[in-house]
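# Analysis of the macromolecular model
What follows is each chain in one-letter form.
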Amino acid sequence: LFPGFRQCARNYFHRSRGWFELFLRRRIFDTGQANASIGLWVCLAVVVLLCLLFCLIGQRTEFVGLLVFSLAAYAVSLGRFVKASCRTHGIFFAMRSLGTHLVLSAAIAAGVGVAVIQIPFGWFRR
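Presented here is an overview of the structure given in this document. The model shown is predicted, which means the values in this text are computed figures rather than measured ones. (Residues numbered from 1 in each chain as written. Predicted model: local features only at pLDDT ≥ 70, side-chain atom pairs only at ≥ 80, totals over all residues. Heavy atoms only, no water.)

In terms of regular secondary structure, the protein chain is built from five helices and zero strands. Each helix and strand of the protein chain, ordered N terminal to C terminal, gives the series α-α-α-α-α. Here the protein chain holds 126 residues, and 25% of them are scored as buried. Put simply, 62% of the contacts in the protein chain that link residues at least 6 apart link residues at least 24 apart. (Helix = DSSP H or I, 4+ residues; strand = E, 2+ residues; numbered from the N terminus. Buried < 20%, exposed > 50% of the residue type's maximum accessible area, 1.4 Å probe, protein only. Contact = heavy atoms within 4.5 Å.)

Here it is in structure tokens:
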């Protein structure tokens, strides 16, 4: 039943656009699918990926410390998930799961980012 990673990331991207538009109307997240924890994960994922980008592409070594700190904060914020992954399938699976979660969080952030740009111009509707 799992559609595959690429389709899952695409779904997260489109759903986050819709949830953001709904949030702007209601000013509240009232479901388990959109909550403060997910918001924290997404914000931390953006910081991790931006630091990684600055370190790799910009060769800015001053961001290494922030990268390590933000990645650690991301892992800690997902503590129960990481523990369960590690306990059931081992440390390497837990690390891969954390990386997958990071990429999917980035897809959510991208969806919200696109919505932020599209909504003021009325470009949101598909």
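Back to the write-up after that little detour.
Now for the side chain of Ser-97. The residue Ser-97 is located in helix H5 (residues 91–118) in this model. In this structure Ser-97 comes out as buried when scored by relative accessible area, which is 11%. Look past the residues within four positions of Ser-97 in its chain and what remains in contact with it is Phe-81 and Ser-85.

Here we come to the packing of helix H2 (residues 36–56) against helix H3 (residues 64–77). Close contact between H2 and H3 brings their axes to 9 Å; oriented N to C, the two are set at 155 degrees. By the criterion of interaxial angle, the relationship of H2 to H3 is roughly antiparallel. Here H2 and H3 pass one another in a crossing that is left-handed. Taking contact as the criterion, the partners of Leu-40, Trp-41, Leu-44, Ala-45, Val-47, Val-48, Cys-51, Leu-52 and Cys-55 in H2 are, on H3, Val-64, Leu-66, Leu-67, Ser-70, Leu-71, Ala-73, Tyr-74 and Ser-77. Class assignment of the residues belonging to the contact of H2 with H3 gives a composition of 15 nonpolar, two polar and no charged. (Axes fitted to C-alpha atoms, helices over the stretch in contact; angles between N-to-C directions. Parallel < 35°, antiparallel > 145°, perpendicular 65-115°, else oblique. Left-handed = near helix turned anticlockwise from the far one by under 90°. Nonpolar A, V, L, I, M, F, W, Y, C, P; charged D, E, K, R; others polar.)

Leu-44, Ala-45, Val-48, Cys-51, Cys-55, Leu-67, Tyr-74, Leu-78, Leu-98 and Leu-102 form the largest nonpolar core, which has ten residues in total. Only H2, H3 and H5 provide two or more residues apiece to this core. Counting residues per element, this core draws most heavily on H2, which supplies five residues. Apart from the residues lying within four places of it in its own chain, the contact partners of Cys-51 are Phe-63, Leu-66 and Leu-67. (Core = buried A, V, L, I, M, F, W, Y, C linked by side-chain atoms within 4.5 Å.)

Here we come to the packing of aromatic side chains. Tallied over the full model, the rule gives one aromatic pair. With centroids separated by 4.8 Å and ring planes inclined at 40 degrees, the aromatic side chains of Phe-54 and Phe-63 adopt a geometry described as tilted. Looking at Phe-54, the relative accessible area reads 37%, which means it is partly exposed. Taking relative accessible area as the criterion, Phe-63 reaches 24% and is therefore assigned partly exposed. (Phe/Tyr/Trp six-rings, centres within 6.5 Å; stacked < 30°, edge-to-face > 60°.)

A few words on H3. The end-to-end C-alpha distance of H3 is 20 Å, a good match for the 20 Å that 14 residues give at a rise of 1.5 Å each. Among the residues of H3, Leu-67, Ser-70 and Tyr-74 are the ones counted as buried. Taken down its axis, H3 places every buried residue within 75 degrees of arc, on the same side. Opposite its buried face, H3 presents the exposed residues Val-68, Phe-69 and Val-76, each directed more than 90 degrees away. Check the buried side of H3 and you find it contacts H2 and H5. (Expected span 1.5 Å × (residues − 1). Arc of directions from axis to C-beta.)

Everything listed is a geometric property; what it means functionally is a separate question.
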